[in-house]
Amino acid sequence: MLRQLKTATYASPTLAIPVNRLHRAHCTSRRQAQWLTRSSKSSTDADVPKQQQEQQQQQPEQNPQQQLQQLVEPQLDASKRRQLEDELRDPKNFLEYFLPRPLRLAFFGFSAASTFVAALISAAQLIQEPALLAAATGGAQNLVINVIGLLVFGGLFYADSAAGEARVEQRRQLRQAQIKSGDREVFRDEQGQTMSRLKEVDDDWIARRLERWGKRDGMPFLGPKKAAIIQQLLQQHQPQLAVEVGTMAGYSAIKIAQVLPPGGRLVSIEKDLSWLLVAKRFLWQASQGEANKQRSTPLGSTVDVWWGDAVSKLPEVASKYGRPIDFLLLDGTPKETLAYLQAAEQHLSPGAMVVADNAGVFAEGGMKPYLQYVRGSSSYSSRYIATTLEWRDDVEDGLEVSTRL
Ligand SMILES: C[S@@+](CC[C@H](N)C(=O)[O-])C[C@H]1O[C@@H](n2cnc3c(N)ncnc32)[C@H](O)[C@@H]1O
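A few points on the structure. (Residues numbered from 1 in each chain as written. Predicted model: local features only at pLDDT ≥ 70, side-chain atom pairs only at ≥ 80, totals over all residues. Heavy atoms only, no water.)

**Some points on the pairing of strand β4 (residues 184-188)**
No. 1: Pairing between β4 and strand β5 (residues 194-198): 5 bridges, direction antiparallel. Its bridge partner lying in β5, glutamate 185 is registered against arginine 197.
No. 2: Between the antiparallel neighbours β4 and β5 lie 5 residues, among them glycine 192 with a positive phi of about 85°. (Pairing = 2+ DSSP bridges. Helix = DSSP H or I, 4+ residues; strand = E, 2+ residues; numbered from the N terminus.)

**Digging into the site of the ligand**
No. 1: The environment of the ligand is formed by 23 residues, the closest being Leu222, Gly246, Ser252, Glu270 and Asp331.
No. 2: A distance of 2.8 Å is found between a nitrogen atom of the ligand and a backbone nitrogen or oxygen belonging to glycine 246.
No. 3: Aspartate 309 places a polar side-chain atom, nitrogen or oxygen, 3.1 Å from a nitrogen atom of the ligand.
No. 4: Starting from 600 Å² of accessible surface for the ligand in isolation, the protein chains cover 97%.
No. 5: When contributions to the shell around the ligand are tallied by element, the ones reaching two or more residues are α11 (251-258) and β7 (265-270).
No. 6: Among the residues forming the shell around the ligand, the class breakdown is 10 nonpolar, 6 polar and 7 charged. (Near = heavy atom within 4 Å. Polar contact = N/O pair within 3.5 Å; in protein donor to acceptor, adjacent residues only side chain to side chain. Areas by Shrake-Rupley, 256 points an atom, 1.4 Å probe, with all protein chains shown as cover. Nonpolar A, V, L, I, M, F, W, Y, C, P; charged D, E, K, R; others polar.)

**A closer look at the nonpolar core**
No. 1: Judged by nonpolar contacts, the single largest core of 41 residues is most densely connected at Leu210, Ile230, Ile256, Phe327 and Val355.
No. 2: Listing elements by their share of this core, those giving two or more residues are α9 (203-217), α10 (223-237), α11, α12 (273-286), β8 (303-307), β9 (325-330), β10 (348-356) and β12 (396-404).
No. 3: The element contributing the most residues to this core is α12, with 6 residues.
No. 4: Aside from chain neighbours lying at most four places away, what touches isoleucine 230 is Leu222, Ile256, Phe327, Leu329, Val355 and Leu399. (Core = buried A, V, L, I, M, F, W, Y, C linked by side-chain atoms within 4.5 Å. Buried < 20%, exposed > 50% of the residue type's maximum accessible area, 1.4 Å probe, protein only. Contact = heavy atoms within 4.5 Å.)

**With respect to the packing of α9 against α11**
No. 1: Look at α9 against α11: their axes get within 10 Å of each other, and the N-to-C directions meet at 145°. Viewed along their axes, α9 and α11 form a crossing whose handedness is left-handed. Together, Asp203, Asp204, Ile206, Ala207, Leu210 and Glu211 of α9 and Tyr251, Ile254, Lys255 and Gln258 of α11 make up the contact between the two elements.
No. 2: Across the contact of α9 with α11, the residue classes break down as 5 nonpolar, 1 polar and 4 charged. (Axes fitted to C-alpha atoms, helices over the stretch in contact; angles between N-to-C directions. Left-handed = near helix turned anticlockwise from the far one by under 90°.)

**Topic: helix α15 (residues 337-344)**
No. 1: The buried count for α15 comes to 6 of 8 residues, which makes it a mostly enclosed element.
No. 2: Buried within α15 we find Thr337, Leu338, Tyr340, Leu341, Ala343 and Ala344.
No. 3: Its buried side turned inward, α15 meets β6 (241-245), α14 (310-321), β9, β10, α16 (368-376) and β11 (380-388).

Written as structure tokens, this is what we have:
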């Protein structure tokens, strides 16, 4: 299975993506899961430049968004962030576990101080008795050994304390990057000190995480712009049974599930087992947190992920749920889009909304038969919502939104 993940490629609208990046993404996520267990950890004003702290104290009426804008520095690039994530982990090697930094510094400092004193004593002896200079042992030899000891222990003390400070600074930068990305929140404690803490993992957290992954590796997730359009459509349409073709990592499933009406369900169909497993994991994570406990049904429980080819699975959905499909998102293989619609067509409710992704970039390619069909059919009223390709503001794309008449 791992080999399959490493060698498979996914043909995205813009490029072929080696799915071995998926494996890397797993690792990042595991690391982040470690953070979760530390999510109650708060950080202090040290994260916040002093000048900014003063500004905040002078303007207590600022809203959290304004505060946050003031706190963040330019966003770290992905590799720097990954490096910093690594820095957050436990001590790096056996020595660091065995002898923590404060003990090491005490040892190096004490050794440097004692060799310094010993070097002074040796030098004083030589001044008092210059004849010792010629002696084979003691005298000059003691002085040389103590000076070398001083240099070695002094050097170790300096290097270790500098490494400690660098690590503290890296953690501070990481916290600022987390504030900027929205994973960390800024608050004032009871004493009025500005603090920050990691937010709980919930659906928004996982969606942001998938967006970062998508942006970094050009993954063909819907992306925030199209997801916002679809959420708006769903809020107007209020479907009880929604279906999507193409789960991938579960990004669009999370976005859809977030706005389903009470009692609404989403069936997400994915033919690739590797992606199905990835999506199930993210959907589980997206169901955590306080916000999910407040829901009548946790987000993950409103989504059923089905494994199989959508063309054969779509006709089964309506009978399985005992009702027609109210909303259908087609985001699988572009050239199969018409086949998906035709497989579901008999099971759409009157007024059902069908949304097809990539109706812009593939308008003259794989999506052409689909677009001709919905635009030319008297069974549909169809319109095109223009936007841009996920992660690319310079590439035009759009959603074809068709209503079953
Ligand atoms: C563009 S991605 C979906 C992205 C996802 N909707 C999102 O926004 O996060 C396309 C996915 O559709 C799946 N897929 C392609 N053809 C399919 C089919 N015939 N049946 C089910 N899934 C299919 C692919 O394996 C891939 O994971």
